[in-house]
Amino acid sequence: MILSTLLFLLFPIFGVSGTTNSDLNFIKKKCRLPFTNVGGYCVQVVTVYRGTWSEMSNFCGQQGGRLAILDDANLMYDLARFIYDNGLDVDDFWIGATDVEEEGRFKWVDGREVKMGSPFWGYHDAVGIPEPNGGTRENCALIWKGFYYDIGDFFCTEDRGAICEQVD
Ligand SMILES: [Ca+2]
Ligand SMILES: [Ca+2]
């Protein structure tokens, strides 16, 4: 009797009230193929096909998605872990940001500003300048194997893989 009363009192603390709506979405989120739930986001790491930023943007569109928006540090961590755990660390991957419209001002494909600095953008000792560092020559964003999948700017016309995300 005392135990059941205690459980009744504790349940709201450790049970229902400790679980937020976003936790529930994280658990329940079902992704349609070819997308996979990574950290609560439906993404596809494209390694079997390579192309320019525009080509990979079209490729993601054909899957019913778009190049991924990575403005969540937890997602970047989960995604890098997913890439390494599944042996997908064979390429750099285009993501959905460019500074084509205005040099130095990176925007996601949905129009939002890209957060700058750490923990999003990479820093490579050999280059000596934090990303983005390509000026008018590098206008497309990718996550780079050499940065352990932090973000860098790069030549839009180079062939790379891509991270697509599902568009509901
Ligand atoms: Ca640029
Ligand atoms: Ca760069």
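See the structure printed just above.
Residues numbered from 1 in each chain as written. Chains lettered and ligands numbered in written order. Predicted model: local features only at pLDDT ≥ 70, side-chain atom pairs only at ≥ 80, totals over all residues. Heavy atoms only, no water.

Caption draft 1: Main features of the state of the cysteines. All chains considered together, the criterion is met by three disulfides. The partner cysteine of cysteine 31 in its disulfide is cysteine 42, sulfur to sulfur 2.1 Å. Taking the torsion about the sulfur-sulfur bond, which here is approximately -80°, the covalent link between cysteine 31 and cysteine 42 counts as left-handed. A residue pair is termed long-range when its members are at least 10 positions apart, and cysteine 31 in the loop between α2 (21-28) and β1 (36-38) and cysteine 42 in strand β2 (residues 41-51) qualify at 11 residues. Given the relative accessible area of 22%, cysteine 31 is considered partly exposed. Residue class for cysteine 42 comes out buried when judged on its relative accessible area of 5%. Covalent S-S linkage joins cysteine 60 and cysteine 164, the inter-sulfur distance amounting to 2.0 Å. Torsion about the S-S bond of the cysteine 60 and cysteine 164 cystine: about -75°, corresponding to left-handed handedness. (Disulfide = S-S within 2.5 Å. Helix = DSSP H or I, 4+ residues; strand = E, 2+ residues; numbered from the N terminus. Buried < 20%, exposed > 50% of the residue type's maximum accessible area, 1.4 Å probe, protein only.)

Caption draft 2: Molecular detail of the coordination of the calcium ion (ligand 1). Taken together, the protein donors to the calcium ion (ligand 1) comprise Asp99 (OD), Asp99 (OD), Glu103 (OE), Glu103 (OE), Gly135 (O), Glu138 (O) and Asn139 (OD1), at separations of 2.3 to 2.9 Å. For glutamate 103, a relative accessible area of 40% puts it in the partly exposed group. (Donors = N, O, S within 2.8 Å, 3.2 Å for Na, K, Ca; no water.)

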